[in-house]
Amino acid sequence: MGHRLAVVLAALALPLAATGAPAQAAPTTVPLGNVIPAPVEVHPGGSPFRLTDRTVIEAPSAARTVADRLEEALKPATGFRLPIIGRASSRTPVIALRLSGPATGYRLTSGHDRITIEARTAEGLFDGVQTLRQLLPAAIDARTPQRRDWAVAGGTIVDHPRYAYRGAMLDEARHFHTPDEVKQYIDEIARFKVNYLHLHLADDQGWRIQIDSWPRLTRISGGAGTGVDGVGGGYLTKADYKDLVRYAAARYVTIVPEIDMPGHVNAAQVAYPALTCDGVAPPPRTDTEVGYSSLCTSKEITYRFAEDVIREIAAITPGPYIHVGGDEAHATAPADYVAFEQRVLPLVAKYGKIAYGWHQIAQAPAASRAVAQFWGTDDTDADLVAAVKTGTKVVMSPANQAYLDMKYTEDTPLGQDWAALIEVHDAYGWDPATRVAGVPASAVLGVEAPLWSETLRSLADIQYMAFPRLPAIAELGWSASYSWDSFRARLGTYGPRWDRQGVNFYRSPQIDWS
Ligand code: TNX
(Lines give C-alpha, C1' and ligand atoms only; values in the text may rest on other atoms or scores of the structure.)
Protein backbone atom coordinates (compact mmCIF):
# COMPACT_ATOMS: atom_id res chain seq x y z
CA MET A 1 0.00 0.00 0.00
CA GLY A 2 1.39 3.43 -0.95
CA HIS A 3 2.16 5.93 1.81
CA ARG A 4 -0.45 8.38 0.52
CA LEU A 5 -3.16 5.78 0.54
CA ALA A 6 -2.21 4.86 4.09
CA VAL A 7 -2.76 8.48 5.07
CA VAL A 8 -6.21 8.47 3.48
CA LEU A 9 -7.18 5.24 5.19
CA ALA A 10 -5.90 6.53 8.53
CA ALA A 11 -8.12 9.57 8.09
CA LEU A 12 -11.12 7.36 7.36
CA ALA A 13 -10.51 5.35 10.50
CA LEU A 14 -10.98 8.41 12.72
CA PRO A 15 -14.03 8.37 14.96
CA LEU A 16 -16.90 10.44 13.60
CA ALA A 17 -16.57 13.16 16.23
CA ALA A 18 -13.40 15.18 15.83
CA THR A 19 -10.95 15.08 18.68
CA GLY A 20 -9.42 17.95 20.64
CA ALA A 21 -12.60 20.02 20.56
CA PRO A 22 -12.80 23.27 22.51
CA ALA A 23 -15.22 23.88 25.40
CA GLN A 24 -18.34 23.66 23.21
CA ALA A 25 -19.69 20.23 22.25
CA ALA A 26 -17.59 18.48 19.63
CA PRO A 27 -19.31 18.78 16.27
CA THR A 28 -19.89 15.72 14.12
CA THR A 29 -17.60 15.93 11.12
CA VAL A 30 -16.90 13.93 8.00
CA PRO A 31 -13.44 12.35 8.33
CA LEU A 32 -10.94 14.42 6.38
CA GLY A 33 -10.17 12.40 3.29
CA ASN A 34 -13.66 10.94 2.88
CA VAL A 35 -13.73 12.45 -0.60
CA ILE A 36 -14.24 11.11 -4.15
CA PRO A 37 -11.87 11.16 -6.00
CA ALA A 38 -9.43 10.28 -3.20
CA PRO A 39 -7.12 13.22 -2.46
CA VAL A 40 -3.38 12.70 -2.80
CA GLU A 41 -2.38 13.72 0.75
CA VAL A 42 -4.59 13.98 3.83
CA HIS A 43 -3.27 15.25 7.16
CA PRO A 44 -6.02 15.42 9.78
CA GLY A 45 -5.47 17.47 12.92
CA GLY A 46 -6.40 20.58 14.88
CA SER A 47 -9.78 21.95 15.73
CA PRO A 48 -12.66 21.70 13.31
CA PHE A 49 -13.97 24.64 11.30
CA ARG A 50 -17.46 25.84 12.07
CA LEU A 51 -19.56 27.31 9.29
CA THR A 52 -22.00 29.86 10.77
CA ASP A 53 -24.22 32.73 9.72
CA ARG A 54 -21.18 34.97 10.33
CA THR A 55 -18.93 33.18 7.81
CA VAL A 56 -17.89 35.13 4.73
CA ILE A 57 -16.34 33.96 1.47
CA GLU A 58 -13.12 35.80 0.63
CA ALA A 59 -12.00 35.73 -2.99
CA PRO A 60 -9.96 37.86 -5.39
CA SER A 61 -11.90 39.05 -8.42
CA ALA A 62 -10.14 36.47 -10.63
CA ALA A 63 -11.72 33.74 -8.48
CA ARG A 64 -15.22 35.26 -8.44
CA THR A 65 -16.74 32.46 -10.54
CA VAL A 66 -15.47 29.87 -8.07
CA ALA A 67 -16.77 31.92 -5.14
CA ASP A 68 -20.18 32.12 -6.83
CA ARG A 69 -20.27 28.31 -7.16
CA LEU A 70 -19.27 27.92 -3.51
CA GLU A 71 -21.98 30.30 -2.37
CA GLU A 72 -24.58 28.48 -4.51
CA ALA A 73 -23.48 25.16 -3.03
CA LEU A 74 -23.69 26.23 0.60
CA LYS A 75 -26.68 28.58 0.65
CA PRO A 76 -29.76 26.38 0.15
CA ALA A 77 -29.10 24.01 3.07
CA THR A 78 -27.55 26.52 5.49
CA GLY A 79 -29.75 29.51 4.72
CA PHE A 80 -26.68 31.67 5.56
CA ARG A 81 -25.90 34.92 3.74
CA LEU A 82 -22.27 34.00 2.95
CA PRO A 83 -21.29 37.36 1.41
CA ILE A 84 -18.45 37.26 -1.10
CA ILE A 85 -15.85 39.92 -0.32
CA GLY A 86 -12.36 40.81 -1.54
CA ARG A 87 -10.71 40.89 1.90
CA ALA A 88 -12.13 39.81 5.26
CA SER A 89 -11.01 41.44 8.52
CA SER A 90 -8.79 39.18 10.60
CA ARG A 91 -11.49 38.35 13.20
CA THR A 92 -14.15 37.30 10.68
CA PRO A 93 -14.71 33.56 10.21
CA VAL A 94 -13.91 32.93 6.57
CA ILE A 95 -13.62 30.50 3.71
CA ALA A 96 -10.75 32.09 1.79
CA LEU A 97 -9.92 31.34 -1.86
CA ARG A 98 -6.33 32.31 -2.71
CA LEU A 99 -4.68 32.34 -6.13
CA SER A 100 -1.30 31.19 -4.84
CA GLY A 101 0.18 27.89 -3.78
CA PRO A 102 0.69 24.65 -5.71
CA ALA A 103 1.21 24.88 -9.49
CA THR A 104 -1.36 22.17 -10.16
CA GLY A 105 -4.17 21.11 -7.90
CA TYR A 106 -4.93 22.85 -4.62
CA ARG A 107 -4.21 22.89 -0.89
CA LEU A 108 -7.10 23.02 1.58
CA THR A 109 -6.44 23.95 5.21
CA SER A 110 -9.23 23.71 7.76
CA GLY A 111 -9.00 25.20 11.26
CA HIS A 112 -11.13 26.80 13.96
CA ASP A 113 -12.40 29.93 12.21
CA ARG A 114 -10.87 29.64 8.75
CA ILE A 115 -10.72 27.40 5.74
CA THR A 116 -8.17 28.40 3.13
CA ILE A 117 -8.14 26.92 -0.35
CA GLU A 118 -5.03 27.81 -2.31
CA ALA A 119 -4.34 27.11 -5.97
CA ARG A 120 -2.43 28.75 -8.81
CA THR A 121 -5.50 28.65 -11.08
CA ALA A 122 -9.22 29.21 -10.70
CA GLU A 123 -9.73 25.61 -11.88
CA GLY A 124 -7.58 24.43 -8.98
CA LEU A 125 -9.69 26.48 -6.57
CA PHE A 126 -12.86 24.99 -8.06
CA ASP A 127 -11.47 21.49 -7.46
CA GLY A 128 -10.73 22.47 -3.86
CA VAL A 129 -14.29 23.72 -3.46
CA GLN A 130 -15.62 20.35 -4.66
CA THR A 131 -13.52 18.71 -1.93
CA LEU A 132 -14.88 21.12 0.67
CA ARG A 133 -18.48 20.30 -0.28
CA GLN A 134 -17.83 16.63 0.48
CA LEU A 135 -16.19 17.50 3.81
CA LEU A 136 -19.40 19.12 5.02
CA PRO A 137 -22.15 16.79 6.29
CA ALA A 138 -24.41 15.23 3.62
CA ALA A 139 -27.19 17.58 4.78
CA ILE A 140 -25.34 20.37 2.92
CA ASP A 141 -26.85 18.89 -0.25
CA ALA A 142 -30.43 19.45 0.92
CA ARG A 143 -32.30 21.97 -1.16
CA THR A 144 -34.01 23.69 1.77
CA PRO A 145 -32.62 25.15 5.04
CA GLN A 146 -31.70 22.56 7.68
CA ARG A 147 -31.44 23.47 11.37
CA ARG A 148 -28.14 22.00 12.49
CA ASP A 149 -24.46 22.78 13.14
CA TRP A 150 -22.09 22.74 10.19
CA ALA A 151 -18.48 21.78 10.76
CA VAL A 152 -15.47 20.57 8.78
CA ALA A 153 -12.73 18.41 10.34
CA GLY A 154 -9.46 20.21 11.00
CA GLY A 155 -6.36 19.47 8.96
CA THR A 156 -4.78 19.84 5.54
CA ILE A 157 -5.37 18.24 2.14
CA VAL A 158 -2.82 18.57 -0.66
CA ASP A 159 -4.20 17.33 -3.94
CA HIS A 160 -3.60 17.31 -7.68
CA PRO A 161 -4.83 15.27 -10.66
CA ARG A 162 -3.05 12.22 -12.05
CA TYR A 163 -4.36 12.91 -15.60
CA ALA A 164 -5.21 16.20 -17.30
CA TYR A 165 -8.29 14.80 -19.08
CA ARG A 166 -11.14 13.44 -16.99
CA GLY A 167 -14.17 13.16 -19.20
CA ALA A 168 -17.76 12.09 -19.52
CA MET A 169 -19.64 11.66 -22.80
CA LEU A 170 -23.34 12.05 -23.46
CA ASP A 171 -25.01 10.80 -26.65
CA GLU A 172 -27.37 13.55 -27.85
CA ALA A 173 -28.05 11.79 -31.16
CA ARG A 174 -29.88 8.58 -30.20
CA HIS A 175 -32.04 10.50 -27.78
CA PHE A 176 -31.88 14.24 -27.52
CA HIS A 177 -31.43 15.54 -23.99
CA THR A 178 -32.45 19.16 -23.46
CA PRO A 179 -29.93 21.86 -22.52
CA ASP A 180 -31.42 21.91 -19.00
CA GLU A 181 -30.83 18.17 -18.63
CA VAL A 182 -27.27 18.52 -19.91
CA LYS A 183 -26.68 21.32 -17.39
CA GLN A 184 -27.90 19.15 -14.53
CA TYR A 185 -25.56 16.40 -15.68
CA ILE A 186 -22.68 18.92 -15.79
CA ASP A 187 -23.47 19.94 -12.19
CA GLU A 188 -23.25 16.34 -11.03
CA ILE A 189 -20.10 15.31 -12.95
CA ALA A 190 -18.20 18.47 -11.97
CA ARG A 191 -18.54 17.43 -8.32
CA PHE A 192 -16.13 14.57 -9.06
CA LYS A 193 -13.61 16.89 -10.74
CA VAL A 194 -14.57 15.70 -14.24
CA ASN A 195 -13.32 18.50 -16.50
CA TYR A 196 -14.44 17.53 -20.03
CA LEU A 197 -17.92 16.78 -21.38
CA HIS A 198 -17.92 15.19 -24.83
CA LEU A 199 -21.24 15.63 -26.65
CA HIS A 200 -21.98 13.08 -29.41
CA LEU A 201 -24.00 15.40 -31.66
CA ALA A 202 -24.75 13.40 -34.81
CA ASP A 203 -25.45 9.78 -35.67
CA ASP A 204 -27.58 7.64 -37.98
CA GLN A 205 -30.82 8.62 -36.25
CA GLY A 206 -30.46 12.37 -35.81
CA TRP A 207 -28.42 15.53 -36.23
CA ARG A 208 -28.36 17.70 -33.10
CA ILE A 209 -26.41 20.90 -33.81
CA GLN A 210 -27.30 23.83 -36.05
CA ILE A 211 -24.99 24.19 -39.08
CA ASP A 212 -25.81 27.35 -41.03
CA SER A 213 -24.24 26.27 -44.33
CA TRP A 214 -26.15 22.95 -44.33
CA PRO A 215 -29.52 23.96 -42.81
CA ARG A 216 -31.43 20.79 -43.73
CA LEU A 217 -29.28 18.79 -41.27
CA THR A 218 -31.36 20.01 -38.36
CA ARG A 219 -34.52 20.98 -40.28
CA ILE A 220 -34.94 17.42 -41.54
CA SER A 221 -32.90 15.26 -39.16
CA GLY A 222 -33.25 17.23 -35.93
CA GLY A 223 -37.01 17.24 -35.63
CA ALA A 224 -39.63 15.37 -33.64
CA GLY A 225 -39.51 11.59 -33.97
CA THR A 226 -35.81 11.35 -34.87
CA GLY A 227 -34.81 9.57 -31.65
CA VAL A 228 -34.49 5.80 -31.33
CA ASP A 229 -37.93 4.15 -31.69
CA GLY A 230 -39.19 7.46 -33.03
CA VAL A 231 -39.21 8.85 -29.51
CA GLY A 232 -38.08 12.42 -28.94
CA GLY A 233 -35.95 14.57 -31.16
CA GLY A 234 -34.63 18.09 -31.14
CA TYR A 235 -31.33 19.86 -31.63
CA LEU A 236 -29.13 22.56 -30.16
CA THR A 237 -29.23 25.93 -31.88
CA LYS A 238 -25.90 27.70 -31.93
CA ALA A 239 -27.23 29.93 -29.14
CA ASP A 240 -28.12 26.83 -27.07
CA TYR A 241 -24.68 25.38 -27.67
CA LYS A 242 -22.84 28.58 -26.75
CA ASP A 243 -24.94 28.85 -23.60
CA LEU A 244 -24.01 25.25 -22.69
CA VAL A 245 -20.33 25.98 -23.34
CA ARG A 246 -20.56 29.01 -21.00
CA TYR A 247 -22.44 27.09 -18.34
CA ALA A 248 -19.89 24.28 -18.44
CA ALA A 249 -16.94 26.72 -18.38
CA ALA A 250 -18.34 28.32 -15.22
CA ARG A 251 -17.95 24.84 -13.68
CA TYR A 252 -14.49 24.30 -15.20
CA VAL A 253 -15.85 21.75 -17.65
CA THR A 254 -14.75 22.03 -21.30
CA ILE A 255 -17.19 20.90 -23.98
CA VAL A 256 -15.83 18.52 -26.64
CA PRO A 257 -18.21 18.41 -29.64
CA GLU A 258 -18.33 15.28 -31.79
CA ILE A 259 -19.56 14.89 -35.35
CA ASP A 260 -19.14 11.22 -36.21
CA MET A 261 -17.83 10.39 -39.72
CA PRO A 262 -17.38 8.71 -42.17
CA GLY A 263 -19.83 6.19 -40.61
CA HIS A 264 -22.85 6.94 -38.41
CA VAL A 265 -24.05 9.49 -41.00
CA ASN A 266 -27.48 8.27 -42.08
CA ALA A 267 -29.20 11.36 -40.66
CA ALA A 268 -26.92 13.65 -42.69
CA GLN A 269 -27.62 11.62 -45.85
CA VAL A 270 -31.38 11.75 -45.30
CA ALA A 271 -31.06 15.54 -45.29
CA TYR A 272 -28.47 15.69 -48.12
CA PRO A 273 -28.65 12.70 -50.49
CA ALA A 274 -25.63 14.10 -52.37
CA LEU A 275 -23.52 12.74 -49.51
CA THR A 276 -24.23 9.17 -50.70
CA CYS A 277 -22.36 7.64 -53.65
CA ASP A 278 -25.52 7.02 -55.69
CA GLY A 279 -27.19 10.29 -54.72
CA VAL A 280 -30.32 8.51 -53.49
CA ALA A 281 -31.71 9.51 -50.08
CA PRO A 282 -31.75 6.62 -47.63
CA PRO A 283 -34.79 6.20 -45.38
CA PRO A 284 -34.64 7.81 -41.93
CA ARG A 285 -33.65 5.25 -39.30
CA THR A 286 -34.77 5.02 -35.69
CA ASP A 287 -33.48 1.49 -34.99
CA THR A 288 -30.18 0.81 -33.20
CA GLU A 289 -28.20 -0.93 -35.95
CA VAL A 290 -24.67 0.40 -36.43
CA GLY A 291 -22.05 0.27 -39.17
CA TYR A 292 -24.28 0.54 -42.28
CA SER A 293 -23.84 4.17 -43.39
CA SER A 294 -20.81 5.87 -44.95
CA LEU A 295 -20.04 9.22 -46.48
CA CYS A 296 -18.97 8.84 -50.13
CA THR A 297 -15.21 9.21 -49.78
CA SER A 298 -14.63 9.63 -53.52
CA LYS A 299 -16.87 12.72 -53.87
CA GLU A 300 -15.53 16.24 -53.29
CA ILE A 301 -18.80 17.35 -51.72
CA THR A 302 -17.97 15.04 -48.80
CA TYR A 303 -14.92 17.12 -47.92
CA ARG A 304 -16.78 20.43 -48.40
CA PHE A 305 -19.37 19.10 -45.98
CA ALA A 306 -16.73 17.97 -43.47
CA GLU A 307 -14.87 21.27 -43.68
CA ASP A 308 -18.00 23.42 -43.33
CA VAL A 309 -19.14 21.49 -40.29
CA ILE A 310 -15.68 21.57 -38.65
CA ARG A 311 -15.29 25.28 -39.38
CA GLU A 312 -18.68 26.24 -37.98
CA ILE A 313 -18.26 24.11 -34.87
CA ALA A 314 -14.69 25.31 -34.26
CA ALA A 315 -15.99 28.88 -34.34
CA ILE A 316 -18.31 28.29 -31.39
CA THR A 317 -16.03 25.94 -29.42
CA PRO A 318 -13.44 27.58 -27.16
CA GLY A 319 -12.09 24.19 -26.00
CA PRO A 320 -9.05 22.65 -27.72
CA TYR A 321 -10.66 19.51 -29.19
CA ILE A 322 -13.02 18.62 -32.02
CA HIS A 323 -13.99 14.96 -32.13
CA VAL A 324 -14.63 13.61 -35.62
CA GLY A 325 -15.75 10.11 -34.69
CA GLY A 326 -14.29 7.45 -36.96
CA ASP A 327 -15.75 4.36 -35.23
CA GLU A 328 -17.60 1.44 -36.80
CA ALA A 329 -17.04 2.59 -40.38
CA HIS A 330 -17.87 -0.93 -41.58
CA ALA A 331 -19.51 0.43 -44.73
CA THR A 332 -16.33 2.29 -45.75
CA ALA A 333 -13.58 0.24 -47.47
CA PRO A 334 -10.38 0.23 -45.33
CA ALA A 335 -8.27 2.13 -47.88
CA ASP A 336 -11.05 4.70 -48.34
CA TYR A 337 -11.27 5.09 -44.57
CA VAL A 338 -7.57 5.94 -44.26
CA ALA A 339 -7.74 8.31 -47.25
CA PHE A 340 -10.75 10.03 -45.68
CA GLU A 341 -9.03 10.48 -42.30
CA GLN A 342 -5.87 11.75 -44.02
CA ARG A 343 -7.94 14.63 -45.38
CA VAL A 344 -10.32 15.22 -42.48
CA LEU A 345 -7.99 15.07 -39.43
CA PRO A 346 -5.85 17.95 -40.81
CA LEU A 347 -9.02 20.01 -41.36
CA VAL A 348 -9.47 20.14 -37.59
CA ALA A 349 -5.96 21.57 -37.22
CA LYS A 350 -6.70 24.04 -40.04
CA TYR A 351 -9.37 25.59 -37.80
CA GLY A 352 -7.07 25.77 -34.80
CA LYS A 353 -8.23 22.67 -32.94
CA ILE A 354 -6.75 19.32 -31.98
CA ALA A 355 -8.31 16.38 -33.84
CA TYR A 356 -9.85 13.73 -31.64
CA GLY A 357 -11.46 10.50 -32.76
CA TRP A 358 -12.35 6.94 -31.76
CA HIS A 359 -9.24 4.77 -31.76
CA GLN A 360 -9.74 3.44 -35.31
CA ILE A 361 -8.34 6.78 -36.55
CA ALA A 362 -4.96 5.40 -35.45
CA GLN A 363 -4.88 3.58 -38.82
CA ALA A 364 -4.25 6.94 -40.53
CA PRO A 365 -0.75 8.51 -40.32
CA ALA A 366 -2.38 11.91 -39.74
CA ALA A 367 -3.48 10.62 -36.32
CA SER A 368 0.04 11.26 -35.02
CA ARG A 369 -1.08 14.74 -34.01
CA ALA A 370 -4.51 13.60 -32.84
CA VAL A 371 -6.06 12.16 -29.71
CA ALA A 372 -7.44 8.64 -30.06
CA GLN A 373 -10.17 7.42 -27.74
CA PHE A 374 -9.70 3.73 -26.96
CA TRP A 375 -13.11 2.07 -26.70
CA GLY A 376 -12.00 -1.54 -27.22
CA THR A 377 -12.42 -4.49 -24.90
CA ASP A 378 -9.09 -6.21 -25.72
CA ASP A 379 -5.88 -5.48 -23.89
CA THR A 380 -4.00 -4.26 -26.92
CA ASP A 381 -4.50 -2.77 -30.39
CA ALA A 382 -1.72 -2.93 -33.00
CA ASP A 383 -2.72 0.25 -34.88
CA LEU A 384 -3.01 2.23 -31.65
CA VAL A 385 0.33 0.97 -30.34
CA ALA A 386 2.00 1.95 -33.63
CA ALA A 387 0.32 5.38 -33.63
CA VAL A 388 1.38 6.13 -30.07
CA LYS A 389 5.01 5.71 -31.19
CA THR A 390 4.41 8.56 -33.66
CA GLY A 391 2.91 10.90 -31.07
CA THR A 392 -0.79 10.02 -30.80
CA LYS A 393 -2.21 10.65 -27.31
CA VAL A 394 -4.87 8.35 -25.89
CA VAL A 395 -8.01 8.78 -23.81
CA MET A 396 -9.02 5.50 -22.20
CA SER A 397 -12.68 4.45 -22.43
CA PRO A 398 -12.54 0.63 -22.49
CA ALA A 399 -16.09 -0.43 -23.32
CA ASN A 400 -16.10 -3.33 -20.85
CA GLN A 401 -15.16 -1.05 -17.94
CA ALA A 402 -15.85 2.60 -18.70
CA TYR A 403 -19.07 2.42 -20.77
CA LEU A 404 -21.88 3.78 -18.64
CA ASP A 405 -24.54 2.40 -21.01
CA MET A 406 -23.61 -1.20 -20.18
CA LYS A 407 -26.01 -2.91 -17.78
CA TYR A 408 -24.82 -3.41 -14.20
CA THR A 409 -26.32 -6.91 -14.09
CA GLU A 410 -28.58 -8.98 -16.33
CA ASP A 411 -31.54 -7.45 -14.51
CA THR A 412 -30.70 -3.80 -15.16
CA PRO A 413 -33.79 -2.44 -16.95
CA LEU A 414 -31.82 0.05 -19.11
CA GLY A 415 -28.69 -0.21 -21.20
CA GLN A 416 -26.93 -2.76 -23.39
CA ASP A 417 -24.63 -5.70 -22.71
CA TRP A 418 -22.53 -6.20 -25.87
CA ALA A 419 -19.25 -5.23 -24.17
CA ALA A 420 -19.88 -6.54 -20.65
CA LEU A 421 -22.02 -6.33 -17.57
CA ILE A 422 -20.30 -3.65 -15.51
CA GLU A 423 -20.85 -3.57 -11.76
CA VAL A 424 -19.18 -0.85 -9.69
CA HIS A 425 -16.24 -3.09 -8.86
CA ASP A 426 -15.61 -3.71 -12.58
CA ALA A 427 -15.81 0.01 -13.41
CA TYR A 428 -13.19 0.70 -10.73
CA GLY A 429 -10.99 -2.33 -11.41
CA TRP A 430 -8.48 -1.20 -14.05
CA ASP A 431 -5.58 1.17 -14.50
CA PRO A 432 -5.41 3.63 -17.43
CA ALA A 433 -1.59 3.42 -17.38
CA THR A 434 -1.54 -0.34 -18.03
CA ARG A 435 -4.92 -1.00 -19.66
CA VAL A 436 -3.58 -1.31 -23.22
CA ALA A 437 -0.25 -3.11 -23.64
CA GLY A 438 2.09 -0.87 -25.62
CA VAL A 439 0.31 2.36 -24.61
CA PRO A 440 2.51 3.68 -21.79
CA ALA A 441 1.36 6.13 -19.10
CA SER A 442 3.21 8.91 -20.91
CA ALA A 443 0.84 8.52 -23.90
CA VAL A 444 -2.31 8.55 -21.77
CA LEU A 445 -4.05 11.91 -21.64
CA GLY A 446 -6.73 10.58 -19.34
CA VAL A 447 -10.02 8.74 -19.08
CA GLU A 448 -13.59 9.18 -20.26
CA ALA A 449 -16.86 7.51 -19.31
CA PRO A 450 -19.18 7.45 -22.37
CA LEU A 451 -22.94 7.21 -22.02
CA TRP A 452 -24.70 6.11 -25.21
CA SER A 453 -28.42 6.78 -25.10
CA GLU A 454 -30.16 4.18 -27.29
CA THR A 455 -32.13 2.97 -24.25
CA LEU A 456 -32.20 6.20 -22.24
CA ARG A 457 -34.91 8.82 -22.34
CA SER A 458 -34.97 10.98 -19.23
CA LEU A 459 -32.45 12.62 -16.95
CA ALA A 460 -33.40 10.02 -14.35
CA ASP A 461 -32.31 7.32 -16.84
CA ILE A 462 -28.98 9.10 -17.41
CA GLN A 463 -28.40 9.39 -13.67
CA TYR A 464 -29.22 5.74 -13.03
CA MET A 465 -26.57 4.55 -15.48
CA ALA A 466 -23.92 7.15 -14.57
CA PHE A 467 -24.14 6.93 -10.80
CA PRO A 468 -22.28 5.36 -9.10
CA ARG A 469 -19.98 4.28 -11.94
CA LEU A 470 -19.00 7.76 -13.11
CA PRO A 471 -17.28 8.58 -9.77
CA ALA A 472 -15.32 5.31 -10.13
CA ILE A 473 -13.93 6.40 -13.51
CA ALA A 474 -13.37 9.94 -12.18
CA GLU A 475 -11.22 8.51 -9.37
CA LEU A 476 -9.15 6.47 -11.86
CA GLY A 477 -8.53 9.75 -13.70
CA TRP A 478 -7.71 11.89 -10.69
CA SER A 479 -6.24 9.91 -7.84
CA ALA A 480 -2.61 8.94 -7.27
CA SER A 481 -3.40 5.43 -6.10
CA TYR A 482 -6.44 3.19 -6.14
CA SER A 483 -8.01 1.04 -3.44
CA TRP A 484 -11.34 -0.69 -3.90
CA ASP A 485 -11.90 -1.02 -0.15
CA SER A 486 -11.33 2.68 0.36
CA PHE A 487 -13.41 3.71 -2.68
CA ARG A 488 -16.22 1.41 -1.63
CA ALA A 489 -16.33 2.91 1.87
CA ARG A 490 -16.29 6.49 0.59
CA LEU A 491 -18.93 5.75 -2.05
CA GLY A 492 -21.23 4.27 0.58
CA THR A 493 -21.34 7.60 2.39
CA TYR A 494 -22.04 9.51 -0.83
CA GLY A 495 -25.51 7.96 -1.29
CA PRO A 496 -27.26 10.39 1.11
CA ARG A 497 -25.88 13.29 -0.92
CA TRP A 498 -27.48 11.96 -4.13
CA ASP A 499 -30.70 11.33 -2.19
CA ARG A 500 -30.81 14.93 -1.06
CA GLN A 501 -30.08 16.20 -4.57
CA GLY A 502 -32.81 14.02 -6.04
CA VAL A 503 -30.29 12.08 -8.14
CA ASN A 504 -31.56 8.67 -9.23
CA PHE A 505 -28.62 6.31 -8.59
CA TYR A 506 -28.20 2.53 -8.72
CA ARG A 507 -27.94 1.10 -5.20
CA SER A 508 -25.34 -1.49 -6.05
CA PRO A 509 -25.36 -4.42 -3.59
CA GLN A 510 -21.55 -4.23 -3.67
CA ILE A 511 -21.72 -1.05 -1.61
CA ASP A 512 -22.83 -0.55 2.02
CA TRP A 513 -24.99 2.54 1.52
CA SER A 514 -25.33 4.67 4.61
C1 TNX B 1 -20.75 1.27 -30.08
S2 TNX B 1 -18.63 2.81 -28.95
C3 TNX B 1 -20.75 2.53 -30.62
C4 TNX B 1 -21.94 3.36 -30.53
C5 TNX B 1 -23.05 2.67 -29.79
C6 TNX B 1 -22.48 1.93 -28.62
C7 TNX B 1 -23.52 1.30 -27.74
C8 TNX B 1 -18.61 3.42 -30.32
C9 TNX B 1 -17.44 4.24 -30.63
N10 TNX B 1 -19.63 3.16 -31.14
O11 TNX B 1 -22.38 3.73 -31.82
O12 TNX B 1 -23.95 3.64 -29.36
O13 TNX B 1 -21.63 0.92 -29.12
O14 TNX B 1 -22.95 0.74 -26.59
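Further up the page is the structure itself.
Residues numbered from 1 in each chain as written. Predicted model: local features only at pLDDT ≥ 70, side-chain atom pairs only at ≥ 80, totals over all residues. Heavy atoms only, no water.

Turning next to the overall build of the protein. When helices and strands are tallied, the protein shows 16 helices and 17 strands. Relative to the globule expectation of 24 Å for 514 residues, the C-alpha radius of gyration of the protein, 24 Å, shows essentially globular dimensions. Across its three principal directions, the C-alpha atoms of the protein cover 85 × 45 × 45 Å. Here the protein holds 514 residues, and 61% of them are scored as buried. Long-range contacts, defined here as pairs at least 24 residues apart, represent 71% of the contacts in the protein between residues at least 6 apart. (Helix = DSSP H or I, 4+ residues; strand = E, 2+ residues; numbered from the N terminus. Rg over C-alpha atoms; globule rule 2.2 N^0.38 Å. Buried < 20%, exposed > 50% of the residue type's maximum accessible area, 1.4 Å probe, protein only. Contact = heavy atoms within 4.5 Å.)

Any aromatic ring pair is given by two values, namely how distant the centres are and how the planes are angled relative to each other. Here the structure, examined in full by the defined rule, presents 29 aromatic pairs. Ring centres of Trp-214 and Phe-305 lie 5.1 Å apart, and the angle between their planes is 80 degrees; this geometry places the pair in the edge-to-face category. Taken together, the positions of Trp-214 in the loop between strand 11 (196-200) and helix 5 (216-221) and Phe-305 in helix 8 (residues 300-315) put the pair 91 residues apart, joining distant regions of the chain. Here Trp-214 and Phe-305 have matching classes, each one buried. An aromatic cluster is defined as three or more aromatic residues linked by ring pairs; in this entry it consists of Tyr-185, Phe-192, Phe-467, Tyr-494, Trp-498, Phe-505 and Trp-513. Just above the ring of Tyr-303 sits the side chain of Arg-343; from NZ or CZ to the centre is 3.8 Å. Positioned over the ring face of Tyr-408 is Arg-469, at 3.7 Å from the centre of the ring. (Phe/Tyr/Trp six-rings, centres within 6.5 Å; stacked < 30°, edge-to-face > 60°. Lys NZ or Arg CZ within 6 Å of the ring centre and 35° of its normal.)

Spatial strand order, 1-9-6-7-5-3-4: seven strands in an open sheet with mixed pairing. A strand with exactly one partner marks an edge of an open sheet, and here the two such strands are strand 1 (41-44) and strand 4 (84-85). As paired elements, strand 3 (residues 56-58) and strand 4 share two bridges and run parallel to each other. Across the sheet, Ile-57 pairs through a bridge with Ile-84, a residue of strand 4. Strand contacts of helix 3 (residues 122-135): strand 5 (94-98), strand 6 (106-111), strand 7 (114-118) and strand 9 (155-159), with the helix running at about 40 degrees to strand 6, the strand carrying the most contacts. (Pairing = 2+ DSSP bridges. Axes fitted to C-alpha atoms, helices over the stretch in contact; angles between N-to-C directions.)

Time to look at the side chain of Ser-110. Mapping Ser-110 onto the fold places it in strand 6. Only 2.8 Å separates the side chain of Ser-110 from the backbone oxygen of Ala-153, close enough to count as a polar contact. The contact partners of Ser-110, leaving out residues within four places of it in the chain, are Ser-47, Phe-49, Ile-115, Val-152, Ala-153, Gly-154 and Gly-155. (Polar contact = N/O pair within 3.5 Å; in protein donor to acceptor, adjacent residues only side chain to side chain.)

Moving on to the nonpolar core. Grouped together as the largest cluster of nonpolar side chains are 155 residues, with contacts concentrated most on Tyr-185, Leu-197, Trp-207, Met-261, Val-439 and Leu-470. Those residues within four positions of Leu-197 in sequence are excluded, and the remaining contacts are Ala-168, Met-169, Leu-170, Val-182, Tyr-185, Ile-186, Ile-189, Val-253, Thr-254, Ile-255 and Val-256. Grouped together as the second largest cluster of nonpolar side chains are eight residues, Tyr-196, Tyr-321, Tyr-356 and Leu-445 included. (Core = buried A, V, L, I, M, F, W, Y, C linked by side-chain atoms within 4.5 Å.)

Moving on to unusual backbone geometry. Here Ile-36 and Pro-37 are connected by a cis peptide whose omega angle stands at -5 degrees. If you trace the backbone, Pro-37 turns up in the loop between helix 1 (3-12) and strand 1. With a phi angle near 50 degrees, Leu-82 is a residue other than glycine that sits in the positive phi range. Here Leu-82 lies in the loop between helix 2 (64-78) and strand 4. On the basis of relative accessibility, which here comes to 1%, the residue Leu-82 falls in the buried class. Here the phi dihedral of His-264 falls at roughly 60 degrees; this positive angle occurs in a residue that is not glycine. Residue position: His-264 is located in the loop between strand 12 (254-258) and helix 7 (266-271).

Read these as geometric descriptors, not functional statements.
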